[in-house]
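Listed here are the chains, written in short residue letters.
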Amino acid sequence: MRLSLLLLLGVVSVAACGSVKEQPDANVPDDAAIDAPRACAVGVTAMCANDDLVSCDGQGNITGMQACALGCNASVNRCTNVDPSNGLATHLDDAATAPDLVLQGATVIDTDGGTITDQSGARVLPTATITNGVPVEILVIKVKSLTTGGDVSVTGSRALAIVSSGAVTIGHLISVSASRTLHGPGALPNDPACRGGSAAAGNSEGKAGGGGGGFGTAGGRGGTGGSPTITGGNPGGPAGTPELSPLRGGCVGGRASNAGVNYAGGGG
């Protein structure tokens with residue numbers, strides 16, 4: 001069983017007022033003693049004890065106990081996992097055996113080549129590509145943990161998903177933006193629903209701007225210009241979902257007045 005929501009877990013500390021402390025009854029065992037299993041059945045290598053996962057050696061001996069943050073699933077004797085969107089569940093499971101990723105300084109992730117390049121050079125980690133049921137391919141990078149060491153720029157045509165089974169520490173900017181006419185990763189430049197409209201032809205007094213591409217919300221209308229006034233290009237409509245499922249980027253902007261077909265609007 002997997003939870004379909006990503007939960008933010010916290011620890012609540014409770015303090016009592018006053019100086020009186022209740023003493024435990026020596027004749028009543030504590031909860032841990034009551035709940036903890038005494039032994040495993042022969043042949044069993046794991047079992048659930050409330051919200052704990054108990055490891056066994058198959059000979060009836062307990063070898064370890066792990067507290068499951070989201071509870072223990074007794075039907076499969078494992079800790080309950082988060083169920084991420086966009087078909088990433090299997091890849092999140094794989095991340096438990098992936099290497100840690102500690103980035104050194106400024107880093108570039110290329111979703112087309114699947115490479116990660118930082119001050120230590122280029123490296124390739126365990127990856128996968130999701131193609132089914134998504135509007136744009138997703139490059140999946142699997143890590144046991146992730147720590148940034150500088151700003152990260154993401155390039156390429158595929159969207160990016162990083163799955164980590166452990167801690168993720170981000171202390172720097174991670175940019176998946178477009179740059180001028182160069183699309184950002186995961187952009188859908190040919191989606192008519194969110195593509196910005198081009199402006200009408202200009203006149204001797206000026207020109208108008210193209211409409212902005214849409215994504216989570218509609219884009220902006222292009223600026224006006226000229227005399228008499230020329231209206232800017234229509235904004236692109238909203239596209240995608242607030243939950244980023246399916247995972248995708250935004251759309252391109254429209255062309256300014258008198259820009260030829262060889263001139264593109266801003267990248268998505």
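**Student:** Tell me about the overall build of the chain, residues and numbers included.
**Tutor:** Assigned secondary structure in the chain consists of two helices and 18 strands. Long-range contacts, defined here as pairs at least 24 residues apart, represent 49% of the contacts in the chain between residues at least 6 apart. By element, 53% of the accessible surface of the chain is carried by carbon and sulfur atoms, the whole surface being about 15,600 Å².

**Student:** So, the pairing of strand E2 (residues 46–49): which residues are in play, and what are the values?
**Tutor:** Looking along a regular strand, one sees side chains alternate from face to face of the sheet. Alternating residues of E2 divide into Met47 and Ala49, all buried, and Ala46 and Cys48, none buried. Taken together, the four bridges between E2 and strand E3 (residues 52–56) define a ladder with antiparallel strand orientation. Looking at the pairing, Met47 lines up with Val54 of E3. Connecting E2 to the next strand, E3, in antiparallel fashion are two residues, including Asn50 with a positive phi near 60 degrees.

**Student:** I'd like a rundown of the confidence of the model for the chain, residues and numbers included.
**Tutor:** Mean pLDDT over the chain: 84, with 85% of residues reaching 70 or higher. Across residues 1–34, where pLDDT falls below 50, the model places 24 contacts with residues more than four positions away in sequence or in other chains.

**Student:** Give a detailed account of a nonpolar patch on the surface, specifying residues and quantitative values.
**Tutor:** Judged by side-chain polarity, Val168, Ile170 and Ile174 come together as a nonpolar surface patch covering roughly 250 Å² of accessible area. Within the secondary structure layout, Ile170 lies in the loop between strand E17 (168–169) and strand E18 (174–175).

**Student:** Describe the side chain of Thr148, with residues and values.
**Tutor:** Among the structural elements, Thr148 can be located in the loop between strand E14 (146–147) and strand E15 (152–155). Using a relative accessible area of 8% as the deciding quantity, one classes Thr148 as buried. At 2.9 Å, the side chain of Thr148 and the side chain of His172 are in polar contact. Sequence-distant contacts of Thr148, that is, excluding residues within four places in its chain, are made with Leu103, Thr169, Ile170, Gly171, His172 and Ile174.

**Student:** Residues and numbers for the environment of Ile162, please.
**Tutor:** Within the secondary structure, Ile162 is located in strand E16 (residues 159–164). Here the alpha-carbon distance between Ile162 and Leu146, two residues 16 residues apart in the chain, equals 9.0 Å. The contact partners of Ile162, leaving out residues within four places of it in the chain, are Ile109, Ile141, Val143 and Leu146.

**Student:** For the sheet that holds strand E4 (residues 62–67), give the residues involved together with the corresponding values.
**Tutor:** Spatially, three strands are ordered E2-E3-E4 in an open sheet, and the strand pairing comes out antiparallel. The sheet is open, and its two borders are formed by E2 and E4, each paired with just one other strand. Across the sheet, the mean angle separating the axes of adjacent strands is 25 degrees when strand polarity is ignored. Here five bridges tie E3 to E4, and the two strands are oriented antiparallel to one another. Its bridge partner being in E4, Asp52 is matched across the sheet by Ala67.

**Student:** Can you explain the pairing of strand E13 (residues 138–143)? Please cite residues and give values.
**Tutor:** Extensive coverage of E13 is indicated by the burial of six of its six residues. Here E13 shows two buried faces, one formed by Ile138, Val140 and Lys142 and the other by Leu139, Ile141 and Val143. Pairing of strand E12 (residues 127–130) with E13, which is carried by four bridges, proceeds in the antiparallel orientation. Paired with Ala128 across the bridge in E13 is Val140. Looking at chain direction, E13 and E16 are connected through six bridges and run parallel. In the strand pairing of E16, Ile138 is matched with Ala159.

Each value, and the rule that gives it
Numbers given to residues run from 1 along each chain, matching the order in which its sequence is written. Given that this is a predicted model, residues contribute local features only at a pLDDT of at least 70 and side-chain atom pairs are listed and counted only at 80 or more, while totals for whole chains, interfaces and linings are drawn from all residues. Where side-chain values are given, they derive from all heavy atoms of the structure, hydrogens and water being excluded. Secondary structure follows DSSP: runs of H or I at least 4 residues long count as helices, runs of E at least 2 residues long count as strands, and numbering of each begins at the N terminus. Contacts are assigned to residue pairs with any non-hydrogen atoms lying within 4.5 Å of each other. Only the protein chains shown count as cover for residues, and all accessible areas are computed by the Shrake-Rupley method using a 1.4 Å probe. For every residue, the accessible area obtained with a 1.4 Å probe (protein chains only) is divided by the maximum for its type, and the residue is called buried under 20%, exposed over 50%, and partly exposed between those limits. Only when DSSP finds a minimum of two bridges between them are two strands counted as paired. Note: pLDDT gives the predictor's confidence per residue, expressed from 0 to 100. Each patch is built from residues that are more than 30% exposed by relative accessible area and take part in no salt bridge. Like charges join if they lie within 9 Å; nonpolar side chains (Val, Leu, Ile, Met, Phe, Trp, Tyr) join within 5 Å. Take a side-chain nitrogen of Lys or Arg and a carboxyl oxygen of Asp or Glu: if they are within 4 Å of each other, that pair is a salt bridge. Residues adjacent in sequence count toward polar contacts only when both atoms are side-chain atoms; beyond that, a polar contact is any pair of N or O atoms within 3.5 Å, and within protein one must be able to donate a hydrogen and the other to accept it. The angle between two axes is taken between their N-to-C directions and runs from 0 to 180 degrees, where each axis is a line fitted to C-alpha atoms and a helix contributes only its stretch in contact.

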